[in-house]
Amino acid sequence: MIPRWSLWATAGGTAVSAAALTWTELTLPAQPLISDYALVAGGLVPVLVGMLALAGACLSLAYGLVVADPARTAATRVLLLAGAAGLMLSAVFPTDPGSSQVGTLAGEIHRWAAAVVFTSLPVAGWTFARGRAGAARWNAVRAMSVTAALTLAAYLAAHPATVTSPLINGVAYYGPLERAVVLAEMVLLVTMAVAAASRRVSSNAAATPTATAPTTTGPTATGPAESAPAHPAPAGSAPAGTASAEDAPELAA
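Conventions and cut-offs
Residues numbered from 1 in each chain as written. Predicted model: local features only at pLDDT ≥ 70, side-chain atom pairs only at ≥ 80, totals over all residues. Heavy atoms only, no water. Helix = DSSP H or I, 4+ residues; strand = E, 2+ residues; numbered from the N terminus. Contact = heavy atoms within 4.5 Å. Areas by Shrake-Rupley, 256 points an atom, 1.4 Å probe, with all protein chains shown as cover. Core = buried A, V, L, I, M, F, W, Y, C linked by side-chain atoms within 4.5 Å. Buried < 20%, exposed > 50% of the residue type's maximum accessible area, 1.4 Å probe, protein only. pLDDT = per-residue confidence, 0-100. Salt bridge = Lys/Arg side-chain N within 4 Å of Asp/Glu carboxyl O. Expected span 1.5 Å × (residues − 1). Phe/Tyr/Trp six-rings, centres within 6.5 Å; stacked < 30°, edge-to-face > 60°. Axes fitted to C-alpha atoms, helices over the stretch in contact; angles between N-to-C directions. Parallel < 35°, antiparallel > 145°, perpendicular 65-115°, else oblique. Left-handed = near helix turned anticlockwise from the far one by under 90°. Nonpolar A, V, L, I, M, F, W, Y, C, P; charged D, E, K, R; others polar.

## Concerning the overall build of the chain
Here is step 1 of the chain: A tally of regular secondary structure across the chain gives nine helices and zero strands.
Here is step 2 of the chain: Start at the N end of the chain and walk to the C end: the helices and strands fall as α-α-α-α-α-α-α-α-α.
Here is step 3 of the chain: Sequence separation of at least 24 residues holds for 68% of the intrachain contacts in the chain that already meet a minimum separation of 6.
Here is step 4 of the chain: Total accessible area computed for the chain in this model is approximately 13300 Å², and 72% of it derives from carbon and sulfur atoms.

Below you can see the structure in the form of structure tokens.
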């Protein structure tokens, strides 16, 4: 369905984003949320690289879908573009320090842009697989979409800014839940790209016999031309006409 370069660009951008996230987790002091790494020394660059690389993965997948199937994937592409825009806004506008207080315009934009990212990608995966056949690749996209949505719901319930957080002691584990949401959506993007690319491979394989079918009818089409010499009547009429023309003077004499 999508071109091969779109598959590799989506997978590559997601891998770079995951590598940047892993680097920050292993080398920098622990932070409550991923965006908080941008506020510590040495954390701004990997956070920016991770967000922009994941935005590039969303854009490459959206462009691959518009090349391959523009009519059926319109809603999916809009959601992917919304996710890419949210990631870029999150990179440009840094978060505010602290876990629950948002005191600046940049922090407010960052928070709502992240909300767009977290919600748009699971919906994009679901709309992409909606109405598809029950093949394994589409079931995988549906499963990852549901997983990302459920993980997001748990993260929102545990976030200190929500009223449910004190009831479930969300402060203790809302940070790991945010990382789980990000990882689930990374896997979802790659799963969508693989499913789209696999569909293109199967359609090309199905089209191969059709392309070779006309070659089997070639000898049949040339059969009448080869059998034409078997009817000598038209060729014999010309000598007969010549002989009668030569005999005409003798009759006149």
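## Topic: the nonpolar core
Here is step 1 of the chain: Grouped together as the largest cluster of nonpolar side chains are 42 residues, with contacts concentrated most on Ile2, Leu61, Leu65, Leu80 and Tyr155.
Here is step 2 of the chain: Breaking this core down by element, the ones donating at least two residues are α1 (4-27), α2 (44-68), α3 (74-92), α4 (105-129), α5 (136-158) and α7 (174-216).
Here is step 3 of the chain: Not counting residues up to four positions away in its chain, the partners in contact with Leu65 are Met1, Ile2, Pro70, Thr73, Thr76, Arg77, Leu80, Phe128 and Ala196.
Here is step 4 of the chain: If you look at the next biggest cluster of nonpolar residues, it comprises six residues, including Tyr37, Val47, Met51 and Ala91.

## As for the confidence of the model for the chain
Here is step 1 of the chain: For the chain, per-residue confidence averages 82 on the pLDDT scale, and 76% of positions sit at 70 or higher.
Here is step 2 of the chain: Note that pLDDT drops below 50 for residues 200-253; the model gives that stretch seven contacts with residues more than four away or on any other chain.

## As for the side chain of Ser17
Here is step 1 of the chain: If you trace the backbone, Ser17 turns up in helix α1.
Here is step 2 of the chain: Classification of Ser17 as buried rests on a relative accessible area of 5%.

## With respect to the pattern of salt bridges
Should the charged atoms of two oppositely charged side chains come close, the side chains can pair.
Here is step 1 of the chain: Scanning all chains against the criterion turns up three salt bridges.
Here is step 2 of the chain: The salt bridge involving Glu108 is made with Arg111; its shortest N-O contact spans 3.0 Å. Note that Glu108 and Arg111 are positioned in helix α4 at a spacing of three residues, about one turn of the helix.
Here is step 3 of the chain: Overlapping salt bridges bring together Glu25, Glu178 and Arg179 as one network.

## Here's the deal with α3
Here is step 1 of the chain: With 19 residues, α3 extends 27 Å from end C-alpha to end C-alpha; this agrees with the ideal 27 Å at 1.5 Å per step.
Here is step 2 of the chain: Looking only at α3, the buried set comprises Thr76, Arg77, Leu80, Gly83, Ala84, Gly86, Leu87, Ser90 and Ala91.

## So, the packing of aromatic side chains
Here is step 1 of the chain: Across all of its chains, the model carries three aromatic pairs by this definition.
Here is step 2 of the chain: Both rings, one in Phe118 and one in Tyr155, keep their centres 6.1 Å apart while their planes meet at 85°; by these two values the pair is edge-to-face. Of this pair, Phe118 sits in helix α4 while Tyr155 sits in helix α5, and the two are 37 residues apart along the sequence.
Here is step 3 of the chain: Ring geometry for Phe128 against Trp138: centres 5.1 Å apart, planes inclined by 70°, an arrangement best described as edge-to-face. Of this pair, Phe128 sits in helix α4 while Trp138 is found in helix α5, placing the two residues 10 residues apart along the sequence.
Here is step 4 of the chain: On the basis of relative accessibility, which here comes to 1%, the residue Phe128 falls in the buried class.

## Description of the packing of α4 against α5
Here is step 1 of the chain: Direction vectors running N to C along α4 and α5 enclose 155°, while the axes themselves pass 8 Å from each other. Viewed along their axes, α4 and α5 adopt a mutual orientation that is roughly antiparallel. Seen from above, α4 lies across α5 with left-handed handedness. For the pair α4 and α5, contact is made by Phe118, Thr119, Pro122, Gly125, Trp126, Phe128 and Ala129 and by Trp138, Val141, Arg142, Ser145, Val146, Ala148, Ala149, Leu152 and Tyr155, respectively.
Here is step 2 of the chain: Here the contact of α4 with α5 is built from residues that sort into 12 nonpolar, three polar and one charged.

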